[in-house]
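Architecture and fold: a report
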Amino acid sequence: MPPGMSHEEHMKQMSKDAEMKKRGNAAMGFDQNKVSHHFHLTQTGGSIEVSVNQSADADSRKQIRDHLRTISQEFADGIFTSPIATHAEVPPGVAVMRERKLRIKYTYEETPAGARVIIGTADRG
């Protein structure tokens, strides 16, 4: 249990996390317990990277690649259905990303363990 958190708060957080994983399984098309998500910030944007936890898991790797290829195009089109479904709310930043979609570039790349979407912009506003 995290320091400073009551047992009741911890149980509530665990339940919330389990529900988000369940929604993520449906929205992303792969088992959230078999993968790791990494979010990186850079000077010009950042990246979303998803990788399999077991290198032999070819099925999850393909599912990751299919999903990230799709969302890179959806995000470029201002469509954020998957993260909204996963989080059961509109994540912070979505309104700005929609508004500035023509100034943001989303690049899909495969990695040995999955894939990433690189998010870049020259817009500092």
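Here, the structure is the one placed above.
Scoring rules and cut-offs
- Residues numbered from 1 in each chain as written.
- Predicted model: local features only at pLDDT ≥ 70, side-chain atom pairs only at ≥ 80, totals over all residues.
- Heavy atoms only, no water.
- Helix = DSSP H or I, 4+ residues; strand = E, 2+ residues; numbered from the N terminus.
- Expected span 1.5 Å × (residues − 1).
- Buried < 20%, exposed > 50% of the residue type's maximum accessible area, 1.4 Å probe, protein only.
- Contact = heavy atoms within 4.5 Å.
- Pairing = 2+ DSSP bridges.
- Axes fitted to C-alpha atoms, helices over the stretch in contact; angles between N-to-C directions.

**Observations regarding helix 2 (residues 58-76)**
Compared with the 27 Å implied by 1.5 Å per residue over 19 residues, the 27 Å span of helix 2 between its first and last C-alpha is a close match. Among the residues making up helix 2, those that are buried are Ser60, Arg61, Ile64, Arg65, His67, Leu68, Ile71, Ser72 and Phe75. For helix 2, the secondary structure elements touched by its buried residues are helix 1 (7-28), strand 1 (35-42), strand 2 (45-52), helix 3 (81-87), strand 3 (104-111) and strand 4 (114-121). Gly78, located one to two residues past helix 2, shows a positive phi value of around 80 degrees.

**Some words on the sheet that holds strand 2**
What links the strands of a sheet is backbone hydrogen bonding, and the strands pair in either a parallel or an antiparallel sense. The sheet built from four strands is open, its strands ordered 1-2-4-3 with antiparallel pairing. Two strands bound the open sheet, and with one partner strand each, they are strand 1 and strand 3. This sheet shows a mean twist of 15 degrees between the axes of neighbouring strands, independent of strand direction. When strand 3 meets strand 4, the two strands line up antiparallel, connected through eight bridges. Within strand 4, the residue paired with Glu109 across the bridge is Arg116.

**Description of the side chain of His67**
Here His67 is to be found in helix 2. Once residues lying within four places of it in the same chain are set aside, the contact partners of His67 are Ala27, Met28, Phe30 and Ser82.

Limitation: the analysis is restricted to geometry and does not speak to function.
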